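These are the residues of each chain, in order.
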Amino acid sequence: MNLDDKAIIAWNNAENCNCDIQDCAENHKICYLCGDTIIYGAHESVKNQRNSKFKWNIDHIIPKSQGGTNSNDNIIVVHVKCNRRKADS
Ligand SMILES: [Zn+2]
Ligand SMILES: [Zn+2]
């Protein structure tokens, strides 16, 4: 799979997951908003994935509406479902 540069930077910014699953170290990070597992292979751009509840994309630590920028230190990974909920509130 080919993630864009921003997605890879956000992935590298994210905190490591620490669960019991064998490939955790390589394939898991933590959602910035809810703190649950995000799976690398479940990026939003991946079609027909089985891990849709882990689907993720990038978000901004400081929202753009509050003056946040698209700079590399302001992007992070979140579940799509978490991102959407924040947008609703
Ligand atoms: Zn894990
Ligand atoms: Zn989440």
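See above for the structure.
Before going into details, it helps to say that this report is about the structure given with it. Please read all numbers here as calculations on a predicted model, not as lab measurements.

1. Considering the overall build of the chain
Helix and strand content of the chain: three helices and four strands. Listing each helix as α and each strand as β along the chain from the N terminus yields α-α-β-β-β-β-α. For 89 residues, the compact-globule formula gives about 12 Å, and the C-alpha radius of gyration of the chain, at 13 Å, lands near that figure. Counting only residues that meet the buried cut, the chain has 33% of its 89 residues in that class.

2. Comments concerning the coordination of the zinc ion (ligand 1)
Ideal geometry at a metal centre: 109.5 degrees between donors when four sit tetrahedrally, and 90 or 180 degrees when six sit octahedrally. Here the zinc ion (ligand 1) is held by the protein donor atoms Cys17 (SG), Cys19 (SG), Cys24 (SG) and His28 (ND1), which lie 2.1 to 2.4 Å from it. Here the zinc ion (ligand 1) binds four donor atoms, and the angle range of 98 to 118° at the metal identifies the geometry as tetrahedral. Taken in chain order, the donor set of the zinc ion (ligand 1) reads C-x1-C-x4-C-x3-H. A relative accessible area of 4% places histidine 28 in the buried class.

3. So, the side chain of histidine 79
Here histidine 79 shows up in strand β4 (residues 75–79). According to the relative accessible area criterion, histidine 79 is buried, its value standing at 1%.

4. As for the coordination of the zinc ion (ligand 2)
Coordination of the zinc ion (ligand 2) by the protein is provided by Cys31 (SG), Cys34 (SG), His79 (ND1) and Cys82 (SG), with metal-donor distances spanning 2.0 to 2.4 Å. One can describe the site at the zinc ion (ligand 2) as tetrahedral: its four donor atoms subtend angles covering 99 to 118° at the metal. Binding-site remark: the zinc ion (ligand 2) is held by donors from one chain whose sequence spacing is C-x2-C-x44-H-x2-C. One end of the pair, cysteine 34, is in the loop between β1 (28–30) and β2 (37–39); the other, cysteine 82, is in helix α3 (residues 80–88), with 48 residues separating them in the sequence.

5. Structural notes on the side chain of histidine 60
If you trace the backbone, histidine 60 turns up in strand β3 (residues 56–60). For histidine 60, a relative accessible area of 15% gives the class buried.

6. Structural notes on a nonpolar patch on the surface
A cluster of nonpolar side chains, namely Tyr32, Leu33, Ile61 and Ile62, defines an oily patch on the protein surface of about 330 Å² accessible area. With respect to the helices and strands, tyrosine 32 occurs in the loop between β1 and β2. Overall, tyrosine 32 belongs to the partly exposed group, its relative accessible area being 42%.

About the thresholds
- Residues numbered from 1 in each chain as written.
- Chains lettered and ligands numbered in written order.
- Predicted model: local features only at pLDDT ≥ 70, side-chain atom pairs only at ≥ 80, totals over all residues.
- Heavy atoms only, no water.
- Helix = DSSP H or I, 4+ residues; strand = E, 2+ residues; numbered from the N terminus.
- Rg over C-alpha atoms; globule rule 2.2 N^0.38 Å.
- Buried < 20%, exposed > 50% of the residue type's maximum accessible area, 1.4 Å probe, protein only.
- Donors = N, O, S within 2.8 Å, 3.2 Å for Na, K, Ca; no water.
- Tetrahedral: all angles 85-135°; square planar, octahedral: opposite > 155°, others 65-115°.
- Patch = residues over 30% accessible without salt bridge, like charges linked within 9 Å, V, L, I, M, F, W, Y side chains within 5 Å.
- Areas by Shrake-Rupley, 256 points an atom, 1.4 Å probe, with all protein chains shown as cover.
- Salt bridge = Lys/Arg side-chain N within 4 Å of Asp/Glu carboxyl O.

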